[in-house]
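Examination of the molecular architecture
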Amino acid sequence: MIKIENFTYTYPGRSVSTIKDLSAEVPEGGLVLLTGPTGCGKSTLLKAINGLIPHLMGGRMEGKIEINGLDTRKTDIFTLSRKVGLIFQNPDDQIFSTVVQDEVAFGPENLALPRKMIRQGIDKALKLVGLDEFHHRGTHMLSGGEKQRLAIASVLSMSPDILILDEPLAQLDPRGSTEVLKTIRTLNDNGMTVILVEHRIHEVAHLADRIMIMEKGRIVLDEEPRAAFERIDVFKKLGLRVPESAEISHAMGFKKVALTMEEIKKGINAGIRPAVAPSSNHASPETPEKEDSDETALEMEGVSFQYDRRAGFVLEDIYLNIRKGEVVSLMGNNGSGKSTMLLHFAALLKPSRGRVTVLARDTRKLEARQLAGMVGIAFQDPTLMLFNETVWKEVAFGPRMLHFGETKLRQKVEDAMNAMGIAGLRDENPLSLSGGQRLRVALASISSMQPEVILLDEPTSGQDKSNSDSLLRYLYELSGKGITILFTTHDIEAAIRYSDRLLVMNNGKIIADGPPRKIIKEAETLKKANLRPPVSFKIGELLGIEAFCIEDLVGEAACSG
Amino acid sequence: MFRIRTLTVVEKGDSFIYRLDPRTKLLLLLSIGTIAISLDKPEHLLLLSIFLIPSYLLARFELNKYKVIFLIVLIGLWGMVLSQAMFYRQWPRTVILTIIPVDFPVLGRVTGGLYLYKEGLLYGLAQGLRFATMIASGLLIAWTTEPRDLLLGLVRLKVPYGMAFMFITSVRFLPVLVSELFTVIAVQRLRGADTVRLGRHTLRSAINILTPVLARSVKRAATLGASCESRAFNPNLPRTYLRELRYSRIDIMLSMAAVIAAAAIVVIKTLFWLYCTGILYFPWLRWMYTIAREL
């Protein structure tokens, strides 16, 4: 059992407490989903439960945290590590062994267990996470989901009673997420207490016994999931994502909030139908109207690419034409070739075969630098894009390199900062900002150059809903000015709402290309790429109507009903 | 053109060099380094470096690795030989080629004449071969040994676990670092930065490139540190190991031969130096002084 009493914590060198007078209890064998907007103190709380706070991080701690009766302040991390296992967001940052079993052995070795016990611990942990055939596999050969499961196994081998996970799905594709969630479910079924911090509430809510929401260092909601989603306003106010099933339950007037598709099916079979006509909120389209262009912005003709002659093709015989002003989303599992395609359009990779044309220029004859100001690219980790002392200098860097006049430069920098909502951060060091803010700075630093093409690799990864929505809406608005946008995503709802066209990739090939609403109907295609259609679509099928998001569902059904 | 990332990947193989115990490899590395520093004559250093060639051929690396090592050795040798041959300042020195005569207009007067010296060339050759031998032996071991085996080897050779862990972890994350470096350069090029041009902006460009890479490394180090701590890592406490290392007869013989050879050369050179400086002289060691003079 975890017991937190009046816990307050202030990081060293800071005057404002990150956690303020927080009290909570997690019973043995429970599975708690801890969520909240970026920077609300979730990760800090996890570190305190694990004992890293205050033992490793210092700072000022008040109140008390007890793990199965052990006061974390009076118990050393060595002892606590046998009680609580902590998993971080990015498995690549915590896995340091080159062979799977070595990583799992690290904890038991540190506990000085005899070799026989270490072997038993490894076997048991790898079996629990479904990697029992992977003992001697190289860690670099694992997929994202396998790596995260390995990270879980590396703490399970120490037989902890409690597992805490800090956004374990953030870096994963749909296949990886499914694997990790299945593992978490199994562990919890076996009696392990689990605390899961996650923004992707819609994917994990149905697993949880309780949902806790934090805001500014305090818990503002602590309920079992059904009761939590009764208070949908709290989620919306904090910009958190509500599972579609819960939203649909509200919209369709279910007596009890449904958490799964099965529950919604039951309701529909019982005769419940949408009774609410589309409100002004529901009816308003997410994206503005715009005119189609016939001009080509990006083109691939018979493009194949391989990183290494001994390895297979990452892109294979791709033919693709993207028009100016189009917003194109790119989906598929990790390793399907999405990022490689982006890098080709930025002239950072040259095709092994075929031709890539960017704004009517053949990239084989181009240096990436020659596309500066015409093509902007943002990678998944914005940290790698920021290097100036202040946000203002960061956003001004590109225009300065392109020799914009001083007046124009200032104007473009101000416009970009205002559009991304970071004008108030102009004198801050970009690297000191939160993940969401850093991404906005990175995007502002691209848009200030007024590129004709913007390429984004997973712009919504690790962002809360309000952040990712406003960001994609802004990009869609840019497309109205003729700017071409190509972004990769694992979020099918984002693709539906904010793109004109969806490309689905699998094993280096485009297996579907067309309007998102058309592709969602292709069940075989989605299955191949491990994509699931939104809940609204499935409900629409049950109701005999075409729906791709909740607004469609409520509006259509109300009209037809 | 070869890919720099090739440098950081450990190969898998079954030949002799892969099967050696990591302790043997580390002792060989230490011994070769010691011998390379102790020897002065280019011909002896050349022999030492030739000794590495069969091991490289047996390792059967991918072609890119051979290209990399060839290029490093070539650049190292070329740079050392040329710079020492041109700027050798010790006496005696013998001019073998005049590049700029002292009476050449302007440049002759400014440089005082530019020549290639025989003694400088030989000295540069020795330095270059020393550098090449050490780099080649280091890479040979890095490319044929899994980091976990190196870690265990270092620990068994009594290197404190904390230090060994730190060293191996930094080696392990080298490929990630290289990959991030390329990403940063790519991003900056697309924002109009000229990241490869040498000139007055070179330092600024280097800072711009290193800042995000270092920031990411610091973040990664913090996560890794927290992850290790929460898995009971404590370098000061005793720990056990899953893997066992076993010395074969070949390992024992090679390790002994390497250590004895390195120790013998160091002792001979030290005694010779004591004799030359007039500190210590044993008449019955005259045969050894003769050998030392030739090394």
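Residues numbered from 1 in each chain as written. Chains lettered and ligands numbered in written order. Predicted model: local features only at pLDDT ≥ 70, side-chain atom pairs only at ≥ 80, totals over all residues. Heavy atoms only, no water.

**Looking at the overall build of chain A**
Threshold: In DSSP terms, a helix is any run of H or I states spanning at least four residues, a strand is any run of E spanning at least two, and both are numbered starting from the N terminus. Note that the radius of gyration is over C-alpha atoms, with the globule rule given as 2.2 Å times the number of residues to the power 0.38. Note on contacts: a residue pair is in contact if any heavy atoms of the two residues lie within 4.5 Å. Surface accessibility in these figures is a Shrake-Rupley result with a 1.4 Å probe; residues are shielded only by whichever protein chains are displayed. Working convention for charge: Lys and Arg count positive, Asp and Glu count negative, and His plus the chain ends are omitted. A charge is said to be at NZ when it belongs to Lys, at CZ for Arg, at CG for Asp and at CD for Glu.
For chain A, the count of helices and strands is 24 helices and 20 strands. What you see for chain A is a C-alpha radius of gyration of 25 Å, in line with the 24 Å of a compact globule of 561 residues. Taking the principal axes of the C-alpha coordinates as reference, chain A spans close to 70 × 55 × 50 Å. A fraction of 66% describes how many contacts in chain A between residues 6 or more apart in sequence connect residues 24 or more apart. Total accessible area on chain A is roughly 22,400 Å²; 47% of this is exposed by carbon and sulfur atoms. Counting 70 positive and 75 negative side-chain charges, chain A places the centres of these two groups 2 Å from one another.

**Some words on the nonpolar core**
Residue and element names in this part refer to chain A. Our working rule: Side-chain atoms within 4.5 Å link the members of a nonpolar core, which is a set of buried Ala, Val, Leu, Ile, Met, Phe, Trp, Tyr and Cys residues. Only protein chains enter the accessibility calculation, which uses a 1.4 Å probe; a residue whose area is less than 20% of its type maximum is buried, one above 50% is exposed, and one in between is partly exposed.
Leu298, Met300, Met341, Phe345, Ile422, Leu455 and Leu486 are the most contacted members of the largest nonpolar core, which has 72 residues in total. Setting aside residues up to four positions removed in sequence, phenylalanine 345 forms contacts with Leu298, Glu299, Met300, Leu320, Val356, Thr357, Val358, Leu371, Val375, Leu455 and Leu486. Ile122, Ala208, Phe229 and Phe235 belong to the second largest nonpolar core, which has 56 residues in total.

**Some thoughts on a nonpolar patch on the surface**
All names here are of chain B. To keep things clear, this is the line we draw: Only residues whose relative accessible area exceeds 30% and that take part in no salt bridge are eligible for patches, with like-charged residues grouped when within 9 Å of each other and nonpolar side chains (Val, Leu, Ile, Met, Phe, Trp, Tyr) grouped when within 5 Å. Only one rule defines a salt bridge in this text: a Lys or Arg side-chain nitrogen within 4 Å of an Asp or Glu carboxyl oxygen.
The grouping of Leu46, Ile50, Ile53 and Leu57 at the surface amounts to a nonpolar patch, some 370 Å² of accessible area in total. Put simply, the parts of the chain that give the nonpolar patch at least two residues each are helix H3 (42-50) and helix H4 (53-59). Mapping isoleucine 53 onto the fold places it in helix H4. For isoleucine 53, a relative accessible area of 46% translates into the label partly exposed.

**Some words on the pattern of salt bridges**
Counted by the stated rule, this structure contains 47 salt bridges over all chains. Asp93(A) is the partner of Arg220(B) in a salt bridge, and the nearest nitrogen-oxygen pair spans 3.5 Å. Note that Arg220(B) is positioned in helix H11 (residues 202-229) and Asp93(A) in helix H4 (residues 91-94), a pairing that runs across two chains. For Arg220(B), a relative accessible area of 4% gives the class buried. The salt bridge involving Glu522(A) is made with Lys518(A); its shortest N-O contact spans 3.7 Å. A residue is classified by how much of its surface remains accessible, and Lys518(A), at 46% relative accessible area, is partly exposed.

**Some details on the sheet that holds strand E18 (residues 484-488) of chain A**
Residues and elements named next belong to chain A. For the record, the criterion: Should DSSP find at least two bridges between two strands, the strands are regarded as paired. Here an angle of 0 to 180 degrees is reported between the N-to-C directions of two axes, which are lines fitted to C-alpha atoms, with helices fitted over the stretch in contact.
Taken in spatial order, the six strands line up as E16-E17-E18-E13-E19-E20 in an open sheet, and their pairing is mixed. Two strands lie at the open edges of the sheet, namely strand E16 (375-378) and strand E20 (509-514), each paired on one side alone. This sheet shows a mean twist of 15 degrees between the axes of neighbouring strands, independent of strand direction. Across five bridges, strand E17 (residues 453-457) lies against E18 in parallel orientation. Paired with aspartate 457 across the strands is threonine 488, a residue of E18.

**Side note on the packing of helix H10 (residues 174-190) of chain B against H11(B)**
Residues and elements named next belong to chain B. How we decide: Each angle receives one of four descriptions, namely roughly parallel if under 35 degrees, roughly antiparallel if over 145, roughly perpendicular if within 65 to 115, and oblique otherwise. What makes a crossing left-handed is the near helix being turned counterclockwise from the far one by less than a right angle; a clockwise turn instead makes it right-handed. Residues are sorted three ways: Asp, Glu, Lys and Arg are charged, Ala, Val, Leu, Ile, Met, Phe, Trp, Tyr, Cys and Pro are nonpolar, and all the rest, Gly among them, are polar.
Look at H10 against H11: their axes get within 9 Å of each other, and the N-to-C directions meet at 140 degrees. By the angle between their directions, the pair H10 and H11 is classed as oblique. For the element pair H10 and H11, the recorded crossing hand is right-handed. Residues Val176, Leu177, Glu180, Leu181, Val184, Ile185 and Gln188 of H10 form the contact with H11, whose participating residues are Asn208, Ile209, Leu210, Pro212, Val213, Arg216, Ser217 and Arg220. Here the residues of the contact of H10 with H11 sort into nine nonpolar, three polar and three charged.

**A few points about the pairing of strand E2 (residues 114-117) of chain B**
All names here are of chain B. Side chains of E2 alternate between two faces, with Leu114 and Leu116 and Tyr115 and Tyr117 buried alike. Bridge analysis of strand E1 (residues 95-100) against E2 gives four bridges, and the strand direction is antiparallel. Within E2, the residue paired with isoleucine 100 across the bridge is leucine 114.

**Looking at the packing of aromatic side chains**
Filter applied, for reference: Pairing of aromatic side chains requires ring centres within 6.5 Å, counting the rings of Phe and Tyr and the six-membered ring of Trp. Pairs whose planes differ by under 30 degrees are stacked, by over 60 edge-to-face, and all others tilted. Placement of a positive charge over a ring is assigned whenever Lys NZ or Arg CZ falls within 6 Å of the ring centre and within 35 degrees of the normal to the ring plane.
As enumerated under the stated definition, the model contains 22 aromatic pairs over all chains in all. On the basis of an interplanar angle of 45 degrees and a centroid distance of 5.4 Å, the ring pair of Phe282(B) and Trp284(B) is categorised as tilted. Owing to a relative accessible area of 28%, Phe282(B) belongs among the partly exposed residues under this scheme. Trp284(B) sits in the exposed class, given a relative accessible area of 61%. Between the NZ or CZ atom of Lys408(A) and the centre of the ring of Phe404(A), over which it lies, the distance is 4.2 Å. Here the guanidinium or amino end of Arg93(B) rests over the ring plane of Trp91(B), the centre of that ring lying 4.2 Å away.

**Regarding the sheet that holds strand E14 (residues 353-358) of chain A**
Residue and element names in this part refer to chain A. Pairing is antiparallel across the open sheet formed by four strands, whose spatial order is E12-E11-E14-E15. Each having just a single partner strand, strand E12 (315-323) and strand E15 (361-362) make up the two edges of the open sheet. Across five bridges, the pairing between strand E11 (residues 296-305) and E14 is antiparallel. Bridging from a neighbouring strand, methionine 300 pairs with valine 356 of E14.

**Looking at the interface of chain B and chain A**
Operational definition: Summed over both partners, the accessible area (1.4 Å probe) lost when two parts come together is defined as the buried area.
Listed per partner, the contact involves 47 residues of chain B and 67 residues of chain A. Overall, the association of chain B and chain A removes approximately 5,000 Å² of surface from exposure, summing both partners, and the carbon and sulfur fraction of that is 58%. Sorting the residues of chain B by area buried against chain A places Arg191(B), Arg231(B) and Leu242(B) first, and these three jointly supply 20% of that buried surface. Our enumeration of links across chain B and chain A arrives at ten salt bridges.

**A closer look at the confidence of the model for chain B**
Residue and element names in this part refer to chain B. Under the convention used in this document: Looking at any residue, its pLDDT shows the predictor's confidence there, from 0 to 100.
Looking at chain B as a whole, the pLDDT averages 88, with 95% of positions reaching at least 70. Mean pLDDT across the secondary structure elements of chain B bottoms out at helix H6 (residues 107-111), with 84, and peaks at helix H2 (residues 22-38), with 95. Interface scoring of the predicted complex returns ipTM 0.80; its pTM is 0.79.

**Some words on the environment of Thr193(A)**
Residue and element names in this part refer to chain A. For threonine 193, the position within the fold is in strand E8 (residues 193-197). We classify threonine 193 as buried; its relative accessible area is 2%. C-alpha of threonine 193 to C-alpha of methionine 1: the two residues are 192 residues apart in sequence and 7.9 Å apart in space. If we skip the residues at most four places from it in the chain, threonine 193 touches Val26, Pro27, Glu28, Gly29, Gly30, Asp161, Ile162 and Leu163.

**Things to note about H2(B)**
Residue and element names in this part refer to chain B. Which entries qualify depends on this criterion: What a helix should span is 1.5 Å times the count of its residues minus one. Polar contacts, as used here, are pairs of N or O atoms within 3.5 Å; protein pairs need one atom able to donate a hydrogen and one able to accept it. Residues neighboring in sequence count only if both atoms are side-chain atoms.
Its 17 residues give H2 an end-to-end C-alpha distance of 24 Å, which sits within 8% of 24 Å, the value for a rise of 1.5 Å per residue. For H2, the buried fraction is high: 13 of the 17 residues fall into the buried class. Regarding H2, its N-cap is aspartate 21, as a side-chain oxygen of that residue lies 2.7 Å from the backbone nitrogen of arginine 23 further along.

**Considerations on the packing of helix H7 (residues 144-156) of chain A against helix H8 (residues 174-189) of chain A**
Residue and element names in this part refer to chain A. Relative to each other, H7 and H8 sit at 25 degrees, their axes nearing to 8 Å. Here H7 is positioned roughly parallel relative to H8, judged by the angle of their axes. Along its contact with H7, which presents Gly145, Glu146, Gln148, Arg149, Ile152 and Leu156, the element H8 presents Gly176, Glu179, Val180, Thr183 and Leu187. Of the residues contributing to the contact of H7 with H8, the split by class is four nonpolar, four polar and three charged.

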